[in-house]
Amino acid sequence: MQLQNRKILIGITGSIAAYKTILLVRLLVKAGAEVRVVMTAAARDFVSPLVLSTLSKNKVESDLFEGDAWANHVMLGRWAELFVIAPLTCNTLSKMVHGQCDNLLMAVYFSATCPVLVCPAMDEDMWHHKITLRNVNSLKADGVHFMPVGNGELGSGLFGEGRMAEPEEIFQTVYGLVKYPEKPLKGKRVLVTAGPTFEPIDPVRFIGNHSSGKMGIALAAEFAYAGAEVKLVLGPSNANFPGGMEVIRVQTAQQMYDAVLESFAESDIAVFSAAVADYRPADSRPSKIKKVAGVPQEPIVLAENPDILKTCGKMKKMGQLVVGFALETDNEAVNAQQKLRDKQADLIVLNSLKDEGAGFGVDTNKVTIFDKNGQETALPLLSKHETAVRIVNAIINFGS
């Protein structure tokens, strides 16, 4: 699980956007996090503490005093690894800046010893008000992390900026802050290729493969979480990809090659995980090949596609790191190590179609990482997310 046993504290303030926080809590719990919730009295008008306590499996705290007992805000502030305030209203933003500690949520904020992530939610005019902008800049200067606001329909019925970020986007940011608090790849530029390529025979038919792009997308996301500036060159794929990266969509191997060469020179790390077609029809027909009686006698002549990994392996400069992927069915380790040498790569990630749960179209993978220094690291069957974590860590630690 992505956030197994990580301690996340959620603060909810009085905004209609609070309904989104229900899904955020669900996503965090599903990822294995231990979640506790503290909310203002106004927030109770928008979301039910019963729903949140059921989802988080913890009592929801709202009042500083309950009967003859008091809520230990200091304990809550010290318990969490990350405090997420979602939604953050204009009112609570002002209180955070000016030290107005008049409810449990604010008492927890001023007691917190962990990083704080806030997710603003307000109408456009409020968001763009000079005082709001000044307050935002003040909190950012204090080290508070901000989720960008969205643009769309607002609670007032108007359209504009001020929407709270979507729960999935907040989850991704939470994961990055908890998993990589030091942002080890901050300032690094990473280029990733993913997915298949489709080589057209005619406007209808193509030569392709079964790659879903999930492994490469997971790698690109993990690099982004680790602080890198990521550019993902993605072939035809229906897989979802998170924000926080530049995505270039391509269809053919030549298009992928051209997109890679435009960015490779400025990249610190290049990871070529795409399943690029080795060959393409030499002459793609301009119109559909019509079915005739029997098999067409005119053969489809193939031409070789450019070798992206080999080209970049030859081009790499001192300090650049090039990583390739090898999908093998026979003599897997020998062929992968040969590819490592022939392509002048620094690391090769091998996966075999013979391993159950690995390969195309599944959410798991089983890989072995070879590097040019002779080190071999065999990983067990893992989710593609966890496989990406291990590969990114191997790249971060390479040569250290």
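My aim in this report is to walk through the structure given alongside it, one point at a time. (Residues numbered from 1 in each chain as written. Predicted model: local features only at pLDDT ≥ 70, side-chain atom pairs only at ≥ 80, totals over all residues. Heavy atoms only, no water.)

## Thoughts on the sheet that holds strand 14 (residues 246-249)
Working step 1: Spatial ordering of the open sheet is given by 14-13-10-15-18-19-21-22, a layout of eight strands whose pairing is mixed. The outermost strands of the open sheet, each flanked by one partner alone, are strand 14 and strand 22 (376-378). Direction aside, neighbouring strands of the sheet carry axes that sit 15 degrees apart on average.
Working step 2: Inspection of the sheet shows strand 18 (residues 321-328) paired to strand 19 (residues 347-352) by six bridges, in the parallel sense. In the strand pairing of strand 19, Val323 is matched with Leu347.
Working step 3: Helix 10 (residues 253-264) rests against strand 10 (189-194), strand 13 (229-234), strand 14, strand 15 (269-272) and strand 18 of the sheet, and its axis sits at about 175 degrees to strand 10. (Pairing = 2+ DSSP bridges. Helix = DSSP H or I, 4+ residues; strand = E, 2+ residues; numbered from the N terminus. Axes fitted to C-alpha atoms, helices over the stretch in contact; angles between N-to-C directions. Contact = heavy atoms within 4.5 Å.)

## Looking at the packing of helix 1 (residues 18-30) against helix 2 (residues 49-56)
Working step 1: Put simply, helix 1 and helix 2 touch, their axes get as near as 9 Å, and they point 10 degrees apart. Here helix 2 runs roughly parallel to helix 1, going by the angle between their axes. Contacts from Ile22, Val25, Arg26 and Val29 in helix 1 reach Val51, Leu52, Leu55 and Ser56 in helix 2.
Working step 2: Taken together, the residues that form the contact of helix 1 with helix 2 break down as six nonpolar, one polar and one charged. (Parallel < 35°, antiparallel > 145°, perpendicular 65-115°, else oblique. Nonpolar A, V, L, I, M, F, W, Y, C, P; charged D, E, K, R; others polar.)

## A word on the pattern of salt bridges
Working step 1: Enumeration according to the criterion identifies 15 salt bridges in this entry.
Working step 2: A salt bridge links Glu246 to Lys231; the shortest N-O distance between them is 3.9 Å. Of this pair, Glu246 sits in strand 14 while Lys231 sits in strand 13, placing them 15 residues apart in sequence.
Working step 3: By relative accessible area, Glu246 is classed as partly exposed at 42%. (Salt bridge = Lys/Arg side-chain N within 4 Å of Asp/Glu carboxyl O. Buried < 20%, exposed > 50% of the residue type's maximum accessible area, 1.4 Å probe, protein only.)

## Quick notes on the pairing of strand 13
Working step 1: By the criterion of burial, strand 13 is predominantly enclosed, with five of the six residues buried.
Working step 2: Looking at chain direction, strand 10 and strand 13 are connected through six bridges and run parallel. Counted as the bridge partner of Ala194 is Leu234 from strand 13.
Working step 3: Examined bridge by bridge, strand 13 and strand 14 share four bridges and lie parallel to one another.

## Side note on helix 11 (residues 308-315)
Working step 1: Those residues of helix 11 not exposed but buried are Ile308, Leu309, Cys312 and Gly313. Along the axis of helix 11, the buried residues cluster in a sector spanning 130 degrees; they form a single face.
Working step 2: For helix 11, the elements touching its buried residues are helix 10, strand 15, strand 18, helix 12 (332-342) and strand 19. (Arc of directions from axis to C-beta.)

## With respect to the environment of Val178
Working step 1: One can find Val178 in helix 8 (residues 167-179).
Working step 2: The residues contacting Val178, other than those within four sequence positions of it, are Leu3, Arg6, Ile8, Glu81 and Leu82.

## A closer look at the pairing of strand 19
Side chains on a regular strand alternate between the two faces of the sheet.
Working step 1: Burial analysis of strand 19 places six of its six residues in the buried class, which makes it a mostly covered element.
Working step 2: Side-chain alternation along strand 19 places Leu347, Val349 and Asn351 on one buried face and Ile348, Leu350 and Ser352 on a second face that is also buried.
Working step 3: After leaving strand 18, the chain enters helix 12 and then returns to the sheet as strand 19, a path that is right-handed.
Working step 4: By the bridge criterion, five bridges tie strand 19 to strand 21 (residues 367-371) in an arrangement that is antiparallel. Bridge pairing links Ile348 to Phe370 in strand 21. (Right-handed = clockwise from strand over helix to strand, strands pointing away.)

In short, shape yes, function no, at least from these values alone.
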